Amino acid sequence: MKFADVAKELLLVTPGDFVAERTARQRAVRKDDRALATAIGKLRKPAPAAWVIDLLAHDGALDDAVDLGPALRTAQADADPDAIRTLRRQRAEVVDALAQAGADLASNAGHPVTTAVIEQVRSTIEAAMADPHAGAAVRSGLLVTALESVGFDAVDLDGALADPDAVPDAWSGSDAPPIPISQARGARKASRASRPAQRDEPEPEPEPEPEPESEPKRDPAADRKAARQAETAARAESRDADAALDAAEADLEQAEERRAELQRALEQAEAETTRLEAARDEAEAASDRARDVLRAAQDHRRKVGR
């Protein structure tokens, strides 16, 4: 059994039951596959919006939304206003329908979500349309965090997947470098500012200035490798921290369950004590009545004997 398969099943569990179910699955496989058990123990609890997205992905409901993305990106690149208006209207309809479907799935699972969560669901679906890597991520059923897009710039997928290696079409499994949302937003603002000048008076690409001879040239491949290594280390630290937090939550839940059991036992003991005290009082009253009857009988015998 692969970790990704187990993760997909666990990420469909309602958030309130996730920790207990993850612990049960970890214990079930520990004897036969300790590496898998360790990976399961480190699986992060999904954010509510990511949980809803995973429910939709499990039903195959996200395919139409993701498939609409290439047409939107092409219309944007071609600056076709009519096509953009039509496709944006279609996008709004698809996102609205999927957001409602996600809310219904969550309610049917016994865990209704808030309006704020549904807004994050909408943003994640829009991100899947804007970026093909994000589209692969939301389709995977392995999402653990909500996504955000900035226009058609690359979506930051750092730490978004339970098992990045299982989704090779997402950027963390490809050669595409990560682009944080803050950088993407700045790049988009710059492109908007320069767009009118490019339309009115196109200019040739300026020749790059030569680098100083004393400064060594950077190796893009080495930079990408270093970035991926840093990302892997950061993801491992994040997973370890989340696993420790979830373990603490599990311990707290067990402690609370134990406290509740002890409280019920105490209440039962107090009820039993009350019952025994009442029985004792009744026995003493019966004993007093019996003594009264005995004295009355003795008095009567003495009177008759006279």
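Everything quoted here is computed from the prediction, not taken from an experiment.

Q: Lay out the overall build of the protein in plain terms, naming residues and giving numbers.
A: The helix and strand inventory of the protein stands at ten helices and zero strands. Start at the N end of the protein and walk to the C end: the helices and strands fall as α-α-α-α-α-α-α-α-α-α. When burial is assessed residue by residue, the protein has 29% of its 306 residues classed as buried. Within the protein, contacts between residues separated by at least 24 positions form 66% of all contacts whose residues are at least 6 apart in sequence. Per element, the accessible surface of the protein, about 19,300 Å² overall, is 51% carbon and sulfur.

Q: Can you explain the packing of helix 6 (residues 81–108) against helix 7 (residues 115–130)? Please cite residues and give values.
A: Remark: helix 6 packs on helix 7, axes separated minimally by 9 Å, with the N-to-C direction vectors making an angle of 135°. In terms of their interaxial angle, helix 6 and helix 7 are classed as oblique. Crossing angle aside, the handedness with which helix 6 passes helix 7 is right-handed. For the pair formed by helix 6 and helix 7, the contact residues are R91, V94, V95, D96, L98, A99 and A103 on the first element and I118, R122, I125, E126 and M129 on the second. Class assignment for the residues of the contact of helix 6 with helix 7 results in eight nonpolar, no polar and four charged.

Q: Before we move on, could you go through the confidence of the model for the protein and cite the residues and values that matter?
A: Confidence along the protein averages 76 in pLDDT terms, with 68% of residues attaining 70 or more. Mean pLDDT values for the elements of the protein range from 38 in helix 9 (residues 181–200) up to 96 in helix 4 (residues 48–58). Across residues 172–204, confidence stays below pLDDT 50; counting only partners more than four residues off in sequence or on other chains, it has 32 contacts.

Q: Could you give an account of the nonpolar core, with specific residues and numbers?
A: In terms of nonpolar packing, the biggest core is built from 51 residues, with I125, L143 and L147 touching the most fellow members. For this core, the secondary-structure elements that each account for two or more residues are helix 1 (3–10), helix 2 (15–30), helix 3 (34–41), helix 4, helix 5 (63–78), helix 6, helix 7 and helix 8 (132–139). Broken down by element, the residue count for this core peaks at eight residues, all from helix 4. Dropping the residues within four chain positions of it, L147 is found in contact with S123, T124, A127, A134, V138, V155, D156, L157 and A160.

Q: Tell me about the pattern of salt bridges, and name the residues and values.
A: On inspection of all chains with the given rule, the structure shows eight salt bridges. R139 is the partner of D63 in a salt bridge, and the nearest nitrogen-oxygen pair spans 3.2 Å. Separated by 76 residues along the polypeptide, D63 in helix 5 and R139 in helix 8 bring together distant segments of the chain. Overall, the relative accessible area of 35% leaves R139 in the partly exposed class. Two residues, D96 and R122, come together in a salt bridge whose shortest N-O distance is 2.5 Å.

Definitions and limits used
- The written sequence of each chain sets the order in which its residues are numbered from 1.
- For this predicted model, a pLDDT threshold of at least 70 governs which residues receive local features, and a threshold of 80 or more governs which side-chain atom pairs are given and counted, while totals over whole chains, interfaces and linings are taken from all residues.
- Where side-chain values are given, they derive from all heavy atoms of the structure, hydrogens and water being excluded.
- We count a stretch as a helix when DSSP gives it H or I for four or more residues in a row; a strand needs E for two or more, and each element gets its number in order from the N terminus.
- Residue burial is assigned from relative accessible area. The probe radius is 1.4 Å, only protein chains are included, and a residue is buried under 20% of its type maximum, exposed over 50%, and partly exposed in between.
- In what follows, a contact means two residues having at least one pair of non-hydrogen atoms within 4.5 Å.
- For the accessible areas, the method is Shrake-Rupley and the probe is 1.4 Å, while residue cover comes only from the protein chains on display.
- Orientation is described by axes fitted as lines to C-alpha atoms, over the contacting stretch for helices, and by angles from 0 to 180 degrees between their N-to-C directions.
- Throughout this description, any angle smaller than 35 degrees is read as roughly parallel, any larger than 145 degrees as roughly antiparallel, any in the 65 to 115 degree range as roughly perpendicular, and the remainder as oblique.
- Crossings are assigned a handedness: left-handed for a near helix turned anticlockwise from the far helix by less than a right angle, right-handed for a clockwise turn.
- For this scheme, ten residues count as nonpolar: Ala, Val, Leu, Ile, Met, Phe, Trp, Tyr, Cys and Pro. Four count as charged, namely Asp, Glu, Lys and Arg, and the remainder, Gly too, count as polar.
- Residue-level confidence of the predictor is what pLDDT reports, using numbers from 0 through 100.
- Residues belong to a common nonpolar core when they are buried Ala, Val, Leu, Ile, Met, Phe, Trp, Tyr or Cys residues joined through side-chain atoms within 4.5 Å.
- When a carboxyl oxygen of Asp or Glu is within 4 Å of a side-chain nitrogen of Lys or Arg, the pair counts as a salt bridge.

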